[in-house]
Amino acid sequence: MDAILLQVLNGLDKGSAYALIALGLTLIFGTLGVVNFAHGALFMIGAFCAVTLQKILNISTISLDPTKTDFLGDPLKIKTPLVETWFGEIAGQAIIDWTVPLAVLFSIPIMLVIGYVMERGLIRHFYKRPHADQILVTFGLAIVAGELVKANFGATEIQVPAPDLLAGVTDLGVYLGFDVGRVAYPTWRITFFCFSLAVIGSIFAFLQFTTFGMVVRAGMADRETVGLLGINIDRKFTIMFGIAAAVAGVAGVMYTPIKPPSYELGMQFLVISFVVVVVGGMGSLAGAVLAGFMLGILESFASMNEVKSFFEMLYLPSIDQIIIYLVAIIVLLVRPRGLLGKAGVMED
Amino acid sequence: MSKIEFTRRGIIKTSAAVGAGIAMPTLLTSPAAAYTNEPKGKTVTLGFNVPQTGAYADEGADELRAYELAVEHLNGGGDGGMMNTFSSKELKGNGILGKKVEFVTGDTQTKSDAARASAKSMIEKDNAVMITGGSSSGVAIAVQGLCQEAGVIFMAGLTHSNDTTGKDKKANGFRHFFNGYMSGAALAPVLLEMYGPDRTAYHLTADYTWGWTQQESIQQATEAIGWKTAKNVLTPLATTDFSSYVAPVLNSGADVLVLNHYGGNMINSLTAAVQFGLRAKEVNGKNFEIVVPLYSRLMAKGAGENVKGIFGSTNWHWSLQDEGSKAFVKSFGKKYGFPPSQAAHTVYCQTLLYADAAERAGTFNPCGIAESLEGFKFDGLGNGATEYRAGDHQCFKDVLVVKGKENPTSEFDVLEVVKVTPRAQVEYPVDHAMFAGGELGKCNSGA
């Protein structure tokens, strides 16, 4: 039972990442009708906002320690971060320790600008082009973004740890009647799950309860009619693109302590996120979230040894690697519009 | 109608002509034209085939730096590096056999097919007389096979699978790097000393040739010191989030987690294991421990603080204080500003060893070089006394057991050497069961 609960938790935090990326993808597809293959790259760029802030906060003054030597036998260089010099050792270390939460704030304006520039500078030229063109140009953009990150940060993963306060484990089992330590789950992963729920809730509230959101929803339903009412719907959709980029970016920031980022991070999530969107229903925000969590949990269950052994007996090895795609095939065969997709979409 | 007449003299003449014709290819085959890509001009081209893109690109970049340094030293530039400490004194800084060394590079992308394609291109288009490199056993085995077919020497880079010099060994292939069996043999006594005999290990293993052979080696070595093996779970190479694989370890009854992972896999699986609190956990009244059998400084840096106190093994480390290591670190450090990795070290050694073998053989003919390398004993290249065993083309030397450093003084100072395991302890017979199943075969010169 504890093993099942642990996999449910694993699925929820995996699903949180899938849901956040898929939510942004759906927002862009629903508003602009663009299939954005660069969305995974936005997630990766968000993660590298955290890496960048970590580097900024660790900019140091260098002094020489003549009592110690470096690998060449020269006096050892001692680095003292400027934040420690400016705010004192304890405050400086605390600021560095809380890099990831600070990076969430740091990344939002950056991602909004990147989203805005991306939409105005490139993607808007492809609105009336076939989806294949959109996929090609955004996929190319994703490759360029990855290579730029690799050129500047290298190919190896970079650690951006969670704050010490949130770095340990939380024994969820004791609240549910399990023995101590049976369902101990990383605190940061629980934090990430809660953060994702908050972001998803905020996006839905923004679209549901604000005038801006109402116009966007109306535009998603009937862009032409909203335009005829004298509303500059294109501008609002551009802002939505920026918001979608920011959602992917903050998700990337918060994911860095879970998976140290590398330039390949975007591509690792991209395909799965598209499957999530298709399973949830193209253009359906609620569907993207539901499918994100559902597929995350399914994937986690599929990696349990017992489940893998069972499927191996059925001549289906490595079920954990294919489960998501099997589900996608079944959904597309049985319900092409996706779980919560609108009637008619993908059913022509 | 014509009539054919047979005479005794005519038959003898005809037989002599036919015999001479049959013998002609052999008679005209001189050593100067008998092998693939024989260098005709004043230069000789070496092919450096490393991952320049993909997950091991940093490792590949460090290998390229070391190759360039080796070429510089061979051509008489720089401070000479380990050429000054190498026990063989054939290399004079005038290239190889008087020919200036040039090189071409290829990108393996850490994919076997891409690696073979780039090696093929270097052999066929650039006339490379030797191919070297690789940061993956799958790639090394694939390129080694290609070099065997093409008739050029393959000097393997970073490849740790037993199979490279085991069931997939080839007469044209040579490995300086150590292997999974050696890691197990070196680590087990240290693990026994540190953690005792009453332990149960849970293995997470990368699902490809290197992972399989390393897991088998570590399991055998740890069971020999009394440990039990709870489970071995194969993890796909593409896995990035290991939480689903780490969570079952929590309540498995195991008190040691062995991560048979390398590169990004190792960084991600170790990060997940630490996140799940395994290092702070107690099982059966004992502290839970994690072991990473194959370490590299580059990936230890990527894993950050998570590596502190974790044991593993490595082929070489820049902190070694023998003359060869010091010369190499100085030479590399002055040129690039940071110490070399074990990948850089092994490829530098391979380049020098190839050049030296050519000098001693007096030819670039791969069969002459292979003969020259087989059974070659040397010293001064950072690993102490070393031998290229003739039976399987595997180098035998001391193996380092390392530990993640508790108090690093710099970003490079992440590992500390805790034991130099003597060669005798990691040696095995050529026909050892873990290396069985393949034949070295005969050298192919491409003639």
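Residues numbered from 1 in each chain as written. Chains lettered and ligands numbered in written order. Predicted model: local features only at pLDDT ≥ 70, side-chain atom pairs only at ≥ 80, totals over all residues.

J.: For the overall build of chain A, give the residues involved together with the corresponding values.
T.: Counting its regular elements, chain A contains 14 helices and 4 strands. In terms of C-alpha radius of gyration, chain A reaches 22 Å, essentially the compact-globule figure of 20 Å for 348 residues. Expressed along its principal axes, the backbone C-alpha trace of chain A runs to roughly 75 × 55 × 40 Å. By residue count, 46% of the 348 residues in chain A fall in the buried class. (Helix = DSSP H or I, 4+ residues; strand = E, 2+ residues; numbered from the N terminus. Rg over C-alpha atoms; globule rule 2.2 N^0.38 Å. Buried ≥ 20, exposed ≤ 12 C-beta atoms within 10 Å, placed from the backbone.)

J.: Outline the overall build of chain B, supporting the account with residue identities and numerical values.
T.: Looking only at helices and strands, one finds 13 helices and 17 strands in chain B. Computed over its C-alpha atoms, the radius of gyration of chain B comes to 25 Å, within 12% of the 22 Å expected for a compact globule of 447 residues. Burial analysis of chain B (447 residues in total) assigns 57% to the buried set.

J.: Describe the confidence of the model for chain B, and please don't skip the residues or the numbers.
T.: Residue and element names in this part refer to chain B. In the predicted model, chain B carries a mean pLDDT of 90, and the fraction of residues at 70 or more is 92%. Strand S4 (residues 153–156) holds the highest mean pLDDT among the elements of chain B, 98, whereas helix H1 (residues 8–28) holds the lowest, 48. Segment residues 19–32 is flagged for pLDDT under 50; beyond a separation of four residues in sequence, or across chains, it makes 4 contacts in the model. Of the two predicted TM-score estimates for the complex, the pTM is 0.83 and the ipTM is 0.81. (pLDDT = per-residue confidence, 0-100. Contact = placed C-beta atoms within 7 Å.)

J.: Could you give an account of the nonpolar core, naming the residues involved and the relevant values?
T.: Ranked by size, the top nonpolar core spans 231 residues in total, and within it Leu-23 and Val-247 of chain A together with Leu-257 of chain B carry the most contacts. Counting contributing residues, this core receives three or more from each of domain 1 (43–178 + 318–397) and domain 2 (181–314) of chain B. Leave out the neighbours within four places in its chain, and Leu-257 of chain B touches Tyr-202, Leu-204, Val-249, Ala-273, Leu-278 and Ile-290 of chain B. (Core = buried A, V, L, I, M, F, W, Y, C linked by C-beta atoms within 7 Å. Domains from an automatic or database assignment.)

J.: Any details on the interface of chain B and chain A? Residues and values, ideally.
T.: Opposite the 35 residues of chain B that make contact, chain A presents 37 residues. The residue inventory of the side of chain B that touches chain A, partitioned by class, reads 17 nonpolar, 14 polar and 4 charged. (Nonpolar A, V, L, I, M, F, W, Y, C, P; charged D, E, K, R; others polar.)

J.: Could you give an account of the environment of Ser-137 of chain B, naming the residues involved and the relevant values?
T.: Residue and element names in this part refer to chain B. Assignment of secondary structure puts Ser-137 in helix H4 (residues 137–150). For Ser-137, a count of 28 C-beta atoms within 10 Å corresponds to the buried category. Taking the C-alpha atoms as reference points, Ser-137 and His-160, 23 residues apart in sequence, are found 6.3 Å from one another. Residues contacting Ser-137, with those up to four places away along its chain left out, are Thr-159, His-160, Ser-161, Asp-163, Thr-164, Thr-209 and Trp-210.

J.: Explain the pairing of strand S8 (residues 256–260) of chain B residue by residue, including any values.
T.: Looking down a regular strand, the side chains alternate between one sheet face and the other. Residue and element names in this part refer to chain B. Of all 5 residues in S8, 5 are buried; the element is thus mostly enclosed. Going residue by residue along S8, you find Val-256, Val-258 and Asn-260 tucked away on one face and Leu-257 and Leu-259 tucked away on the opposite face as well. The pairing of strand S6 (residues 200–206) with S8 spans 5 bridges and is parallel. The residue bridging Thr-205 from the neighbouring strand is Asn-260, located in S8. Relative to strand S11 (residues 289–294), S8 runs parallel, the two sharing 3 bridges. (Pairing = 2+ DSSP bridges.)

J.: Please provide a residue-by-residue account of the domain arrangement of chain B, values included.
T.: Residues and elements named next belong to chain B. According to the domain assignment, chain B consists of domain 1 (43–178 + 318–397) and domain 2 (181–314). A separation of 30 Å is found between the C-alpha centroids of domain 1 and domain 2. The interface of domain 1 with domain 2 comprises 16 residues on the first partner and 16 residues on the second. Put simply, the parts of the chain that give the side of domain 1 that touches domain 2 at least two residues each are helix H2 (57–74), H4 and helix H11 (342–361). Taken together, the residues that form the side of domain 1 that touches domain 2 break down as 5 nonpolar, 7 polar and 4 charged.

J.: I'd like a description of the sheet that holds strand S15 (residues 395–396) of chain B, backed by residues and values.
T.: Residues and elements named next belong to chain B. The antiparallel open sheet is built from 3 strands, whose spatial order is S13-S14-S15. Unpaired on one side and paired on the other, strand S13 (377–378) and S15 mark the two borders of the sheet. Here 2 bridges tie S13 to strand S14 (residues 386–388), and the two strands are oriented antiparallel to one another. Looking at S14, one finds that Lys-377 is bridged to Glu-387.

J.: Which residues make up the environment of Ala-272 of chain B, and what values go with them?
T.: Looking at the secondary structure, you find Ala-272 of chain B in helix H8 (residues 263–275). Taking the C-alpha atoms as reference points, Ala-272 of chain B and Thr-229 of chain B, separated by 43 residues in sequence, lie 21 Å from one another.

J.: Just give me the short version of helix H10 (residues 233–255) of chain A, but keep the residues and values in it.
T.: For H10 of chain A, which comprises 23 residues, the first-to-last C-alpha distance of 33 Å matches the rise-based estimate of 33 Å (1.5 Å per residue) to within 8%. When you tally the buried positions in H10 of chain A, you get 19 out of 23 residues, the bulk of the element. (Expected span 1.5 Å × (residues − 1).)

J.: Outline unusual backbone geometry, supporting the account with residue identities and numerical values.
T.: Residues and elements named next belong to chain B. The phi torsion at Thr-110 lies on the positive side, around 55°, for a residue other than glycine. Structurally, Thr-110 can be placed in the loop between strand S2 (100–107) and helix H3 (112–124). On the basis of neighbour count, Thr-110 is assigned to the buried category, with 24 C-beta atoms found within 10 Å. A positive phi is found at Asn-284, a non-glycine position, where the angle reads about 55°. As for its position among the elements, Asn-284 is in the loop between strand S9 (282–283) and strand S10 (286–287).

J.: An account of the sheet that holds S11 of chain B is needed here, citing residue identities and associated values.
T.: Residue and element names in this part refer to chain B. The sheet built from 7 strands is open, its strands ordered S7-S6-S8-S11-S12-S16-S17 with mixed pairing. Both outer strands of the open sheet, strand S7 (228–235) and strand S17 (415–421), are each paired with one neighbouring strand and no more. Averaged over all adjacent pairs, the angle separating strand axes in this sheet is 20°, with direction ignored. (Axes fitted to C-alpha atoms, helices over the stretch in contact; angles between N-to-C directions.)

J.: Explain the packing of helix H5 (residues 180–195) of chain B against helix H6 (residues 209–224) of chain B to me, using residue names and the numbers behind them.
T.: All names here are of chain B. Where H5 meets H6, the closest approach of the two axes is 8 Å, and the angle between their N-to-C directions is 30°. Taken together, the axes of H5 and H6 are roughly parallel relative to one another. As H5 runs across H6, the sense of the crossing is right-handed. Here Gly-180, Tyr-181, Ser-183, Gly-184, Ala-185, Leu-187, Ala-188 and Leu-191 of H5 lie close against H6, whose contacting residues are Thr-213, Gln-214, Ser-217, Ile-218, Gln-220, Ala-221, Thr-222 and Ala-224. Partitioned by chemical class, the residues of the contact of H5 with H6 number 8 nonpolar, 8 polar and no charged. (Parallel < 35°, antiparallel > 145°, perpendicular 65-115°, else oblique. Left-handed = near helix turned anticlockwise from the far one by under 90°.)

J.: Which residues make up helix H7 (residues 187–209) of chain A, and what values do they have?
T.: Look at H7 of chain A: 32 Å from first C-alpha to last across 23 residues, which is about the 33 Å you get at 1.5 Å a residue. Those residues of H7 of chain A not exposed but buried are Trp-188, Arg-189, Thr-191, Phe-192, Phe-193, Phe-195, Ser-196, Val-199, Ile-200 and Ile-203 of chain A. On its buried face, H7 of chain A sits against helix H1 (2–32), strand S4 (184–186), H10 and helix H12 (285–302) of chain A together with H8 of chain B.

J.: Now, about the environment of Phe-48 of chain B: what can you tell me, with residues and values included?
T.: All names here are of chain B. The residue Phe-48 is located in strand S1 (residues 43–50) in this model. Of the residues examined, Phe-48 has 26 C-beta atoms within 10 Å and is grouped as buried. Every residue in contact with Phe-48, bar those within four places of it in the chain, is listed here: Leu-64, Tyr-67, Phe-103, Thr-105, Thr-132 and Gly-133.

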